[in-house]
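# Commentary on secondary and tertiary structure
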Amino acid sequence: AQKVTQAQTEISVVEKEDVTLDCVYETRDTTYYLFWYKQPPSGELVFLIRRNSFDEQNEISGRYSWNFQKSTSSFNFTITASQVVDSAVYFCALSEADNTDKLIFGTGTRLQVFP
Amino acid sequence: GAVVSQHPSRVICKSGTSVKIECRSLDFQATTMFWYRQFPKQSLMLMATSNEGSKATYEQGVEKDKFLINHASLTLSTLTVTSAHPEDSSFYICSARDPRRGENQPQHFGDGTRLSIL
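Residues numbered from 1 in each chain as written. Chains lettered and ligands numbered in written order. Predicted model: local features only at pLDDT ≥ 70, side-chain atom pairs only at ≥ 80, totals over all residues. Heavy atoms only, no water.

### So, unusual backbone geometry
Geometrically, the link from B:H7 to B:P8 is a cis peptide bond, its omega value of 0 degrees lying close to zero. Inspection of the secondary structure assignment puts B:P8 in the loop between β1 (4–7) and β2 (10–13). Even without glycine at this site, A:K16 takes up a positive phi of about 80 degrees. Within the secondary structure, A:K16 sits in the loop between β2 (10–14) and β3 (19–21). Its identity as a non-glycine residue notwithstanding, B:D27 has a phi of 70 degrees, on the positive side. Position of B:D27 among the secondary structure elements: in the loop between β3 (19–25) and β4 (32–38). (Helix = DSSP H or I, 4+ residues; strand = E, 2+ residues; numbered from the N terminus.)

### Some words on the nonpolar core
Counting residues in each nonpolar core, the largest one holds 25 residues, and the members touching the most others are B:W35, B:Y58, B:F67, B:I69, B:L79, B:Y92 and B:L115. Only β2, β3, β4, β5 (44–51), β7 (67–73), β8 (76–81), β9 (90–96) and β11 (113–117) of chain B provide two or more residues apiece to this core. Ranked by size, the runner-up nonpolar core spans 24 residues in total, among them A:V13, A:C23, A:F68 and A:F77. (Core = buried A, V, L, I, M, F, W, Y, C linked by side-chain atoms within 4.5 Å. Buried < 20%, exposed > 50% of the residue type's maximum accessible area, 1.4 Å probe, protein only.)

### Digging into the side chain of B:D98
Residue and element names in this part refer to chain B. As for its placement among the helices and strands, D98 is situated in the loop between β9 and β10 (108–109). D98 sits in the buried class, given a relative accessible area of 4%. If near-sequence neighbours (up to four positions away) are discounted, D98 is found in contact with F28 and H108. (Contact = heavy atoms within 4.5 Å.)

Spelled out as structure tokens, the structure:
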């Protein structure tokens, strides 16, 4: 069965600190996709990244970076030099090859960045 | 700008009322849309897959007669919460993917509808 675990319920940091959000997934498929979404207080879901299971290269986008490790079934997300605007709930999600549009979400990590 | 529009953004109504939520794809046709539900401080749970021109596919544990889904056109799916009760209070979000952009593009989510049943 598919499952996404985000063990960190809440994280609080002070501005300019780096923070890593953990995501561990379970799937029996060899082809799957991993996602990160941001949900600010207003509620909308903002897409951050999509990664397929065959691409283990780490990715950097500005202050954001992602570390995909198939060996540990993890897809961790790091924010460098955090800012107050980064405060949100972050969701990791998984979809499988037979239904790539069906997303299975983790429980989310609430990040609070204090000035 | 938004590619998936959801309306209304917030609903407050009395117990027993039926509430309709609309999800529209803007600028693209979506044969499939998805409805999620999110309880406070919890994750998004897929409720059902809305299929244009055919019946919706419901996830295990979701009552079909309670949550009516209609996908009558390629740009509109509606979710009707029938005879809503306080336990139905939640945040409902829809999503769709623009098929023109290929399989590698992510789903777009609406802004969500916060439903409060008194």
